[in-house]
Amino acid sequence: MNPLTAGLGLKPQHYEEALACPAAGLWFEVHPENYLVDGGPRLRCLEAIRARHPVALHGVALSLAADHPPDDAHLARLRALAVRIEPAIVSEHLAWSAWRGAYYPDLLPFPRTSEALARIAANVGIAQDALGCRIAIENPSHYLSIEGHDWDEIAFLGELVRRTGCGLLLDVNNVHVSAANLGFDAGAYIDAFPGEAVVEVHLAGHSRDPLLGDALLVDSHDAPVAEAVWALHERLVARIGARPTLIERDDRLPLFGELLSERERAHRALAFDLAEAA
Amino acid sequence: MSLAAFQDAFAHALLASREDARAPLASLVAQPAFAVYRNTVMKSCVDALEANFPAVARLVGEAWFRAAAAEYVAGEPPREPSLLAYGATFPAFLAGFAPAAELPYLADVARLDRCWSESHVAADAPVLRAQDLVGVDTAVLADAKLEPHPAARWAFFADAPIRSIWSANRGTEAPEGEIAWRGEGVLLTRPDSAVVWGALDAGACTFLDECARGGSVAAAMDAALAADGDADPARIAATLIDAGAFARLVAPATDRAL
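Model, not experiment: these values are computed from the prediction.

Another aspect to go through is the overall build of chain A. Broken down by element type, chain A carries nine helices and 12 strands. In summary, chain A has a C-alpha radius of gyration of 18 Å against a globular reference of 19 Å for 278 residues, a match within 12%. Projecting the C-alpha coordinates of chain A onto the three principal axes gives extents of approximately 50 × 45 × 40 Å. Buried positions account for 59% of the 278 residues belonging to chain A. Excluding contacts between residues fewer than 6 apart, the proportion of contacts in chain A whose partners are at least 24 apart in sequence is 77%. Carbon and sulfur atoms make up 53% of the accessible area of chain A, which totals about 11100 Å². On chain A, the mean spot of the 23 positive side-chain charges and the mean spot of the 39 negative ones are 4 Å from each other.

Residues and elements named next belong to chain B. Counted at 1.5 Å a residue, the expected span for helix 5 (residues 62-75) with its 14 residues is 20 Å, and the 20 Å between its end C-alpha atoms agrees. Within the span of helix 5, buried status applies to F65, A68, A69, Y72 and V73. Axial view of helix 5: buried residues confined to an arc of 145°, hence all on one face. Those residues of helix 5 that are buried are in contact with helix 3 (34-52), helix 4 (54-60) and helix 6 (90-95).

With 98% of its residues at a pLDDT of 70 or more, chain B has an overall mean of 93. Both confidence scores are given for the complex: pTM 0.93, ipTM 0.95.

All names here are of chain A. Scanning all chains against the criterion turns up zero disulfides over all chains. Between C166, a free cysteine, and C133, which holds the nearest cysteine sulfur, the sulfur-to-sulfur gap is 12 Å. By relative accessible area, C166 is classed as buried at 0%.

Here the focus is the interface of chain A and chain B. The partner chain B presents 37 residues to the 42 residues of chain A that form the contact. Both sides of the chain A and chain B interface together cover about 3500 Å² of buried area, and 63% of this is carbon and sulfur. Contact with chain B buries area across many residues of chain A, yet Y103, P105 and L144 of chain A alone supply 18% of it, more than any other trio. Across the chain A-chain B interface, the total number found is four salt bridges. Residue contributions to the side of chain A that touches chain B peak at seven residues, all from strand 6 (residues 102-108) of chain A.

The next thing to look at is the nonpolar core. One finds F110 of chain A together with F10 of chain B to be the most contacted residues of the largest nonpolar core, which totals 134 residues. In terms of domain composition, this core takes at least three residues from each of domain 1 (31-119) and domain 2 (124-250) of chain B. Among residues more than four places away in sequence, those in contact with F10 of chain B are W96, L108, P109 and L144 of chain A together with L25, L28, F34 and Y37 of chain B. Grouped together as the second largest cluster of nonpolar side chains are 24 residues, L128, L187, L240 and F246 of chain B included.

Reading the values: the criteria
Residues numbered from 1 in each chain as written. Chains lettered and ligands numbered in written order. Predicted model: local features only at pLDDT ≥ 70, side-chain atom pairs only at ≥ 80, totals over all residues. Heavy atoms only, no water. Helix = DSSP H or I, 4+ residues; strand = E, 2+ residues; numbered from the N terminus. Rg over C-alpha atoms; globule rule 2.2 N^0.38 Å. Buried < 20%, exposed > 50% of the residue type's maximum accessible area, 1.4 Å probe, protein only. Contact = heavy atoms within 4.5 Å. Areas by Shrake-Rupley, 256 points an atom, 1.4 Å probe, with all protein chains shown as cover. Lys, Arg positive; Asp, Glu negative; His and termini not counted. Charge placed at Lys NZ, Arg CZ, Asp CG, Glu CD. Expected span 1.5 Å × (residues − 1). Arc of directions from axis to C-beta. pLDDT = per-residue confidence, 0-100. Disulfide = S-S within 2.5 Å. Buried area = accessible area lost by both parts, 1.4 Å probe. Salt bridge = Lys/Arg side-chain N within 4 Å of Asp/Glu carboxyl O. Core = buried A, V, L, I, M, F, W, Y, C linked by side-chain atoms within 4.5 Å. Domains from an automatic or database assignment.

This is the structure in structure tokens:
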């Protein structure tokens, strides 16, 4: 089987083209929350895609950074989906979204205290045990200046890996957006990121806040990957080598062919590195 | 500040309609960037409702829909991580929503959008076919139970042509001609892959209700006649079977398929 190179998010309007696409190294990613159903055509489509291509599950709602254990029922449904789909990679976010019985469909920030680290490590452990596999945790996009961090993000993630054996999902666009919003050096972050633990990479587009313009970049996933992000990706691959890389586009979807072209650029960079390493 | 205290304050501020300068995290919430989270949460919830209630959205237009949805979200945020199921109480909200008073059928159209969503994600199961009943003795059949298919949903609306209104706003084609103003029923099934629907009269609806309650075929036939004196219960059963409304015929005592 071809190693995974560059992948695309699976969107319902592109199901048929995705199914038919013969590109080498192509894989697809979905949010499992869209497939936690009992049956029906949605699940059948996913299984058909899976029969032809590797599929990764990128969870958005497990709320690993909430100060309570992850929801048992949600974990059980995730596990059932994973058993059915046999995903190539399972990932989640360094964020919280469920709190006191309500679910907030976003990825919410928190102060990186030692208390938070302990809680998140415990939650990652619970999730990995329930799912029976290693999960990859994604670095967040930052918009707020939060006080009270005990740890910088790189150290926090490194320690999380050490305590739980989890993997990391490096979202290069999130680094670019966060660096612009909080005023740190994106290149230095990319250089310091724990390379061995990186299981997957995300590339995505971003936009400027309608009111604040360049002062606030938003991780909107509604545009092509910016050149600055491609440059950071190149820098990363040069240091740690090729990893499965997803082109994330969730809004203002273009034709499948356009996404495939963007994917092709990532694929070429990765395939080149894989060939060099061989 | 503990993690829990931070999360309490943040969550409260996310859905708050007014900023409270004395609240914990007030300075954090006052940062312009806090709006990104507030907006994303609201947009995700409203997008989910628009996806889950497309006939309602088409009837009232996007602007009206999104404004109504935002009010609903503020009062009843999601409680589950799967937004596919969000909006169970949206039909009831619309029924009591003053700006919707001019459209008294809107809540019922929302109920049908909900029925479609439930059918779409329901468990897979084989559909009971007429040929499966060949050779079953009539007396045995009378006592047996017809088990509705997991993807079957039905409703009868006595006062308005809800099925026609809903159906006309569900697809991409423009509605044909005028809709006659009389009561209508609808049956949604998923015999193959896609959810399909058709007309259902009051007798057939009552028949299905009785089957869903676990009543026997005989009891369902009686119920249909009680609802509609002109009903032909045997014909109702045959039509419903052909539409894919049932998964199994089960023996009364053993609960096993016949």
